[in-house]
Amino acid sequence: MHRFLTAFRGAASSLVLLSSVVLLPVAQAQMPLPPEVAARSYLLLDVTANQILAAKDIDSPIEPASLTKLMTEYLVFDALKSKKITLKQTFSVSERAWKMPGSRMFIDPKMQVPVEDLIKGMIVQSGNDATMALAEGVGGSAENFVKLMNEQAKALGMKSTAYKNPEGLTEPGHTTTARDLSILSTRLMQDFPDYMGFSAIKKYRYPGTPAANDTNRNTLLFRDPTVDGLKTGHTAAAGYCMIATAKRDFPNLGASGAPGGRRLVAIVLGTASDSARANESQKLLNWGYTAFEAVKLFDAGQAVVSPAVWKGKSGTVKLGRPEAIVIAVPAGSSAKVQTQVARPDPLVAPFTRGQALGTLKVKVGGGETMVDVPLVALETVEEAGILGRAWDSVRLWIK
């Protein structure tokens, strides 16, 4: 389907653009207008395509309330993955954890609680006591754990986030943004897929604690079978907040016709009520799935282009992505997709596998670039020997 031809070499630039041949050039596609969303800020992210589909005030600072617990989850899951702790390991409950205000799991200092139960208490019941027990158990103290939270936020590229506590109670300077929450949510799912099932648990309570406190506050888990996470939050200052994620099957995204999943994340912040955050999140998810369609351009590991290499043991290098290249385009416009590859020229070895070497630019109907997909070397190309490098140096000089 995709055939790449050299389009031009800029006279004052070392950038080569390669464009795909499209059989039906058409007018630029009209971008869908998002629905009205009753929230202070919101963001709809197509995780599969890594595209923001709709947004409002995504860089405005907000209080995250219990959405803070997603970072606590991240650090706890990282400790599990690196085998610093285990799910069956028990943590003690400090006086500080026991007396935490707000949502609770209802644990007390007489208990030794397994990590697995504390995670369920933090996610399903949004327990501030469970969250504090985990923070103290993993970090040694709440204060040290908060330091780890901020270090991890920086490492993830969450440039507008500052944590003051692990649970999300209102505190001066404890802020984030919708954009940063989208980064955290995506990385949480990508980095710890084995632990994401906790977010889909509908009901849980620790033995001996109140039965009335057993229901996940993410009501979309009960309404939409494709929703499998992630977290809700509420304080008087933050309003009612939700990060909801859904995965729906689309056969065109699978390999060899097998069903493939398309995941969206809806972040809704500062709504007026519990029902409002659920309704507005559901509205965004449904709109995203119907207003946009996913198009798989290339399979995982498939070469988008194989340009010539100079001074290398190989004469070419394959450029692509280790994962499938999927884009989200307005519904009905998949036939209008046009692509270009921008890359440096000349490409002089050596190159390591995974090294960034270009960009796939995606347009719909000949309009402005809609998506830029970084392309990397799919293979290592070692430097040629002395004679090979010398010969190519002469050829480049003549060229």
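To keep things clear, this report deals only with the structure shown in the data block.

About the criteria used
Residues numbered from 1 in each chain as written. Predicted model: local features only at pLDDT ≥ 70, side-chain atom pairs only at ≥ 80, totals over all residues. Heavy atoms only, no water. 1 Å grid on protein atoms, 1.4 Å probe; cavity = no way out; pocket = protein on both sides within 12 Å on 5 of 7 lines; lining within 4 Å. Points joined across faces, edges and corners; volume = space filled by probe spheres on them. Helix = DSSP H or I, 4+ residues; strand = E, 2+ residues; numbered from the N terminus. Buried < 20%, exposed > 50% of the residue type's maximum accessible area, 1.4 Å probe, protein only. Contact = heavy atoms within 4.5 Å. Phe/Tyr/Trp six-rings, centres within 6.5 Å; stacked < 30°, edge-to-face > 60°. Lys NZ or Arg CZ within 6 Å of the ring centre and 35° of its normal. Expected span 1.5 Å × (residues − 1). Pairing = 2+ DSSP bridges.

Considered as a void within the structure, the largest pocket measures approximately 1,200 Å³ in volume. What lines the largest pocket is a set of 41 residues, and nearest its centre among them are Val 47, Thr 48, Ala 49, Asn 50 and Gln 190. Those elements that provide at least two residues to the lining of the largest pocket are strand 4 (51-56), helix 6 (178-191), strand 7 (227-235), strand 8 (239-250), strand 9 (260-271), strand 10 (292-298), strand 13 (325-330) and strand 16 (369-377). Looking at the lining of the largest pocket, the element that brings in the most residues is helix 6, giving 7 residues.

This next bit is on the environment of Gln 152. Along the chain, the position of Gln 152 falls in helix 5 (residues 142-156). For Gln 152, a relative accessible area of 17% translates into the label buried. Put simply, Gln 152 and Leu 75 are 77 residues apart on the chain and 8.1 Å apart in space, counted from C-alpha to C-alpha. Setting aside residues up to four positions removed in sequence, Gln 152 forms contacts with Met 71, Tyr 74 and Leu 75.

Let us look at the environment of Arg 343. Tracing the backbone shows Arg 343 in strand 14 (residues 337-344). Residue class for Arg 343 comes out buried when judged on its relative accessible area of 9%. Taking the C-alpha atoms as reference points, Arg 343 and Gly 358, 15 residues apart in sequence, are found 4.2 Å from one another.

On to the packing of aromatic side chains, then. Tallying each qualifying case throughout the model produces 6 aromatic pairs. Ring geometry for Tyr 74 versus Phe 192: centroids 4.8 Å apart, planes at 80°, classification edge-to-face. Here Tyr 74 is found in helix 1 (residues 69-81), whereas its partner Phe 192 is found in the loop between helix 6 and helix 7 (220-223), with 118 residues between them in sequence. Tyr 74 gets classed as buried once you look at its relative accessible area, which sits at 5%. Centroid distance Phe 77 to Phe 198: 6.2 Å. Interplanar angle 15°. Geometry classified as stacked. With Phe 77 in helix 1 and Phe 198 in the loop between helix 6 and helix 7, the pair connects residues that are 121 residues apart, well separated along the chain. As far as the burial class goes, Phe 77 and Phe 198 line up, both buried. Pairwise contacts between aromatic rings join Tyr 74, Phe 77, Phe 192, Tyr 195 and Phe 198 into one cluster. Over the ring of Phe 250 we find Arg 262; its NZ or CZ atom is 6.0 Å from the centre of that ring.

The terminal C-alpha atoms of helix 1 lie 18 Å apart, and with 13 residues this matches the ideal 18 Å at 1.5 Å per residue to within 8%. Of all 13 residues in helix 1, 11 are buried, a share of seventy percent or more. Residues of helix 1 that are buried include every one of Lys 69, Leu 70, Met 71, Thr 72, Glu 73, Tyr 74, Leu 75, Val 76, Phe 77, Ala 79 and Leu 80, and no others. Looking at the packing, one finds that the buried side of helix 1 touches helix 3 (115-123), helix 4 (128-139), helix 5, helix 6, strand 7 and strand 8. Looking at the residues trailing helix 1, positive phi occurs at Lys 83, about 65°.

In this section: the pairing of strand 4. Two strands pair when backbone bridges link them, and strand 3 (residues 41-46) and strand 4 are joined in this way by 5 bridges, in the antiparallel orientation. Looking at strand 4, one finds that Leu 44 is bridged to Ala 54. Between strand 3 and strand 4, which follow one another and run antiparallel, lie 4 residues, and Asn 50 among them has a positive phi close to 55°.

Once that is clear, we can look at empty space enclosed by the protein. By the definition in use, this model includes 1 cavity of 30 Å³ or more. Taken as a whole, the largest cavity spans an internal volume of roughly 40 Å³. Forming the walls of the largest cavity are Arg 40, Ile 62, Glu 63, Ala 237, Ala 238, Cys 241, Leu 269 and Gly 270.

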